[in-house]
Amino acid sequence: MNEKAPKIMMEVKNINLRFGGVVAIQGVSFDIHEGEIRAIIGPNGAGKSSMLNVINGFYHPQEGEIWFDGQKRPSMEPYEVAKTGIARTFQNIALFKGMTTIENVMTGRQLQMNKNIFWQMLRYGPAIEEEVQHRKRCEEIIDFLEINHIRKTPVGSLPYGLQKRVELARALAMEPNLLLLDEPMAGMNVEEKQDMSRFIVEVNEEFGTTIALIEHDMAVVMDLADRVVVLDYGKLLADGTPKEVQSNQAVIDAYLGVPH
Amino acid sequence: MTENSATLDTMPKLLARNVSKFGDSPAFREKDLGIWQTWTWKESSEEILKLSKGLIKLGVQEGDHVAVIGRNRPSLYWSLLACQHIGAIPVPLYQDAVAEEMEYILSHCGASFAVVGDQEQVDKILEISDRLKGFKDIVFVDPKGLRKYDNKNLHSLAHILEMGSRDSAELDKELKRRVEKVTGDTTCVLLYTSGTTGKSKGVVQTHQAIIGASGGANQHDSWTHDDYLLSYLPMAWVGDFMISVAQGMGAGACINCPEGPETMQVDLREIGPSIFFGPPPLWERLKTSVFIRIEDAAFFKKVAFKYFMAHAEKVGRDILEKRKVGLLDRLKYSLGNFLIYAPLKNMLGFSNVRIAYTAGDLISAELFDFYRSLGINLKQLYGQTEASVFLTMQGNDEVFSDTVGKPIEGVELKIAPSGEILYKSVGSFKEYYKNPKATGETKNKDGWVATGDAGYIDENTGQLRIIDRAKDVGKLKNGALFAPKYVENKLKFFPNILEAVLFGDKKEFCVAFLNIDMTAVGNWAEKNNISYSSYQELASNSEVANILKEHVEDVNMALAKDSMMSGCQIRKFLVLHKELDPDDGEITRTRKVKRAFINEKYDDLVSALYSDNGSVDTKTEVTYEDGRKGYLEATLSIVDATIYQLQEAAE
């Protein structure tokens, strides 16, 4: 879809991230095009989640630059990054377990609710109007992800696959430009994976959201992604289309394995 | 009602009547984005007329067949009605049918247009559209996922409505001309039977027949425009067409559409309908879910539930049927109502239910008593697609579990010498579409239609009693009666058994296939720390087999007491390694067993049951939801059950 001069949405340049003596990421550079699905793969401990955390402002790399929307980004906290239109989901689901689906999804609108606490306590006038608008948007997302039937169910009691979907819903509620998904299909069965893949493609196509995802299931990655980054021991091993990556000898040796 | 059927003999006339008489009362509701949206009769009529004009503009001709496929939603009901306005014939299809099934029906009726709910249905039709002769356009309701489809034959419903609402005197004139041409003899709908035997047949029903039969039913239970119901059963099923379209239109009642199949239970609770129709499996499922939850409840709740349910069993039915009940018992029932019955009904969504119907299959006496003792007026009716459903219905105070009621107005019954039930009805079908041979076999020159069911008029109650499908009733080698459905129903009354298939015609003895109910057995397994990962694993558990053996022996015991049926006792059974599935053609979409098909498909298993082997290896083809096929391999163990002697003989 991006054959002609793709617009670069985000670029990370020469990122180095260290925790004390441990080197997590070593001189990694790559870019994310607007409107694409970009996969980050690699063996355990390759630095994939660290990379997402760098993009999302949770970690601050010792060296390197992050360019977003054509501008060099200063060091930011996660909530500041979120305001720039980057949303994410987590590897271990990070929902409010005691709250219902709709309440969890509504928290995704938090940053866009502007009325002050006094109006909100009054539950009348502008604050309510604002809430109605946001609720409508959330309901549209709930409808989109087909989780209407669990709208009022506490998420703690939901099966894993559905919780993942609720988390995606909450991230979508932020109406992000860039969506970071950390292992969206980990621990799912085949059917749940199919559903999730379908939703990821639909989000990408319907909302035009750019997506960067970490995933271990190679079949899924090769099907979904437009381009793939391969990390290994914190270093960039390969970068290209699924086909290119699959036929890259270094990748095969390090990760994909050799067919017997 | 005083209106005579001669003046209101078509759907367009009924719609006009509803607009003028009940214009501002709600006609359709749908839950959208979490909020119930309401359309009054006036608003609905506007939408239907716009849609009619839009379809004319799209090129739908009089006599064209238009497929309507999707979950229950107002826009699809309006599409049915719009087709009827412009002289086209709506053909509702099951939304979960796979592409090949659709191909058969669409090419059989030569459909030229389809109005569908969503992308899934669009995909299925596009897949087969090359092979459909004369097929033209698809109209879809929900644009989700369809943005990238580049196909000039694909239109959104919004676009069609927009075309229809453009002010055009010409379209108005054409619509008026077409509506005037619709008479009582015009085809109202083409409904395909579920096809328990072979390919399904298209049943042609006229406006007059549909309105005649539904009018009789409405009158029988005095439906009014204050009634409201939940439409959740498949639109392609004749029952939903009759209730949601014909009866709803006839009475001016309000149709409520749930958000989707998964939310049905929640939506049912929110709407609390005054009239509810559920097939027997649904009533069974609800009761099972209540008992499962009570099992998990706290001690006090459990005790209170048991105590008051016992009381309800004792006097509940008498109170509902307005018989004499002592003051003390009444007081105790009121207390029980406050503590248990009313909250329970509220949970189930039956707080306001005035009439609840069940039909399609036999229902156990216990199940019947359970609901009626709670004060839910559950009644049986009997009918079939060819009769526009309604043949017999039960009155409010003459409800029995083993009979199906008396003929309603406009219906005449007689029993053929062979035992088959014949009828003559205002609702009788015109013909099977493009199948004069089958029409002739079913309907004779005098208008008597053969139901294919064997039954008789019960002498005590004067109501009709059904035994089984006429052609399924057979004989064992020793001459004893073989009525499979009767036994299967007895088995299915156990919550653990979802489906059962009995074999034995022209054999020495009877054997059975069983399907376990994943909800009930799964709950039991959880309690007993039995781990399993799939249906197959749970079904092959030996403890499960022991439980089922007890159930089978209970049934054998009951059969032994019945001199007619004692030959049908089950000597051997096995638990199938997969659930019987409409996608595999083993049961119909309305969950009726396709006997001949199963007999052929599982030939190896049947012969193993009649051999001396203790187990059998098998390999079965299965169809996944997306239409792909795969194989399932399993080793099934064969369980022997005890056969009991006739009680009289033993005493």
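## Section: the overall build of chain B
- Of regular secondary structure, chain B possesses 22 helices and 29 strands.
- Across its three principal axes, chain B shows a C-alpha extent of roughly 85 × 65 × 55 Å.
- Each of the 651 residues in chain B was classed as buried or not, and the buried ones make up 47%.
- Within chain B, contacts between residues at least 6 apart in sequence are counted, and of these 66% link residues at least 24 apart.

## Side note on the domain arrangement of chain A
All names here are of chain A.
- Segmentation of chain A into domains returns domain 1 (1–85 + 176–260) and domain 2 (95–175).
- With eleven residues of domain 1 at the contact, the number on the domain 2 side is ten residues.
- Contributions of two or more residues to the side of domain 1 that touches domain 2 are made by helix H2 (78–83) and helix H7 (190–207).
- Tallied by class, the residues present in the side of domain 1 that touches domain 2 amount to eight nonpolar, one polar and two charged.

## Considerations on the confidence of the model for chain B
Residue and element names in this part refer to chain B.
- Looking at chain B as a whole, the pLDDT averages 90, with 98% of positions reaching at least 70.
- Mean pLDDT in chain B bottoms out at helix H22 (residues 647–650), which sits at 48, and peaks at helix H3 (residues 74–85), which reaches 97.
- Our summary of model confidence lists the complex with pTM equal to 0.83 and ipTM equal to 0.78.

## With respect to the packing of helix H12 (residues 299–320) of chain B against helix H13 (residues 327–348) of chain B
All names here are of chain B.
- With their axes 9 Å apart at the nearest point, H12 and H13 run at an angle of 125 degrees to one another. With respect to each other, H12 and H13 are oriented oblique. Between H12 and H13 lies a crossing of left-handed hand. Along its contact with H12, which presents Ala-304, Phe-305, Phe-308, His-311, Ala-312, Val-315, Gly-316 and Ile-319, the element H13 presents Asp-329, Arg-330, Lys-332, Tyr-333, Gly-336, Leu-339, Ile-340 and Tyr-341.
- Partitioning the contact of H12 with H13 into residue classes produces ten nonpolar, three polar and three charged.

## Points about the interface of chain A and chain B
- With eleven residues of chain A in contact, the opposing surface of chain B contributes eleven residues.
- For the side of chain A that touches chain B, the secondary structure elements donating two or more residues are helix H5 (126–144) and H7 of chain A.
- Take the side of chain A that touches chain B: its biggest share by element is five residues, from H5(A).
- Of the residues belonging to the side of chain A that touches chain B, the class tally is one nonpolar, two polar and eight charged.

## Some points on the nonpolar core
- With 135 residues, the main nonpolar core has B:Val66 and B:Ala114 as its most contacted residues.
- Here the element with the most residues in this core is helix H9 (residues 238–251) of chain B; it accounts for eight residues.
- Both of domain 1 (11–271) and domain 2 (280–351 + 353–469) of chain B provide at least three residues apiece to this core.
- The residues contacting B:Val66, other than those within four sequence positions of it, are B:Val60, B:Cys83, B:Ala88, B:Ile89, B:Pro90, B:Val91, B:Ala111, B:Phe113, B:Ala114 and B:Val115.
- Ranked by size, the runner-up nonpolar core spans 68 residues in total, among them A:Met51, A:Leu95, A:Val105 and A:Leu145.

## Regarding the sheet that holds strand E7 (residues 178–182) of chain A
All names here are of chain A.
- The six strands lie next to each other as E6-E7-E8-E3-E9-E10, forming an open sheet whose pairing is mixed. Two strands bound the open sheet, and with one partner strand each, they are strand E6 (86–89) and strand E10 (235–240). Within this sheet the neighbouring strands show an average axis-to-axis angle of 15 degrees, counted without direction.
- Two strands pair when backbone bridges link them, and E7 and strand E8 (residues 210–214) are joined in this way by five bridges, in the parallel orientation. Considered in E8, the bridge of Leu-180 is made with Ala-212.
- Here helix H6 (residues 160–173) sits on the sheet and contacts E6 and E7; the angle it forms with E6, its principal contact strand, is near 170 degrees.

## Comments concerning the domain arrangement of chain B
Residue and element names in this part refer to chain B.
- Here chain B is described as being made up of domain 1 (11–271), domain 2 (280–351 + 353–469) and domain 3 (474–650).
- Distance between the C-alpha centres of domain 1 and domain 2: 28 Å.
- On the side of domain 2, 25 residues touch domain 1, which itself brings 26 residues to the contact.
- Of all elements in the fold, only helix H4 (99–109), strand E8 (187–192), strand E9 (202–206), helix H8 (207–220), H9 and helix H10 (264–271) reach the threshold of two or more residues within the side of domain 1 that touches domain 2.
- The element best represented in the side of domain 1 that touches domain 2 is H8, accounting for nine residues.
- Its residues assigned to classes, the side of domain 1 that touches domain 2 comprises twelve nonpolar, eleven polar and three charged.

## Concerning the environment of A:Ser49
All names here are of chain A.
- Mapping Ser-49 onto the fold places it in helix H1 (residues 48–55).
- Note on Ser-49: 18 C-beta atoms within 10 Å, which makes it partly exposed.
- In this structure Ser-49 touches Gln-91, Asp-182 and Ile-214, once residues within four positions along its chain are discounted.

## Comments concerning the pairing of E10(A)
All names here are of chain A.
- When strand E9 (residues 227–232) meets E10, the two strands line up antiparallel, connected through five bridges. Across the sheet, the residue bridging to Val-228 is Gly-240, located in E10.
- The hairpin turn running from E9 into E10, its antiparallel successor, is two residues long, and Tyr-233 in that turn takes a positive phi close to 45 degrees.

## Quick word on H8(B)
Residue and element names in this part refer to chain B.
- The end-to-end C-alpha distance of H8, which contains 14 residues, comes to 20 Å, matching closely the 20 Å that a straight helix rising 1.5 Å per residue would cover.
- H8 sits mainly inside the fold: twelve of its 14 residues count as buried.
- Looking at H8, one finds that the buried residues are His-207, Gln-208, Ala-209, Ile-210, Ile-211, Gly-212, Ala-213, Ser-214, Gly-215, Gly-216, Ala-217 and Asn-218.
- Looking at the buried side of H8, the elements it contacts are helix H1 (11–22), E8, E9, H9, strand E15 (389–393) and strand E18 (420–425).
- Backbone geometry just downstream of H8 places Ser-222 in the positive-phi region, at approximately 40 degrees.

What counts, and at which threshold
Residues numbered from 1 in each chain as written. Chains lettered and ligands numbered in written order. Predicted model: local features only at pLDDT ≥ 70, side-chain atom pairs only at ≥ 80, totals over all residues. Helix = DSSP H or I, 4+ residues; strand = E, 2+ residues; numbered from the N terminus. Buried ≥ 20, exposed ≤ 12 C-beta atoms within 10 Å, placed from the backbone. Contact = placed C-beta atoms within 7 Å. Domains from an automatic or database assignment. Nonpolar A, V, L, I, M, F, W, Y, C, P; charged D, E, K, R; others polar. pLDDT = per-residue confidence, 0-100. Axes fitted to C-alpha atoms, helices over the stretch in contact; angles between N-to-C directions. Parallel < 35°, antiparallel > 145°, perpendicular 65-115°, else oblique. Left-handed = near helix turned anticlockwise from the far one by under 90°. Core = buried A, V, L, I, M, F, W, Y, C linked by C-beta atoms within 7 Å. Pairing = 2+ DSSP bridges. Expected span 1.5 Å × (residues − 1).

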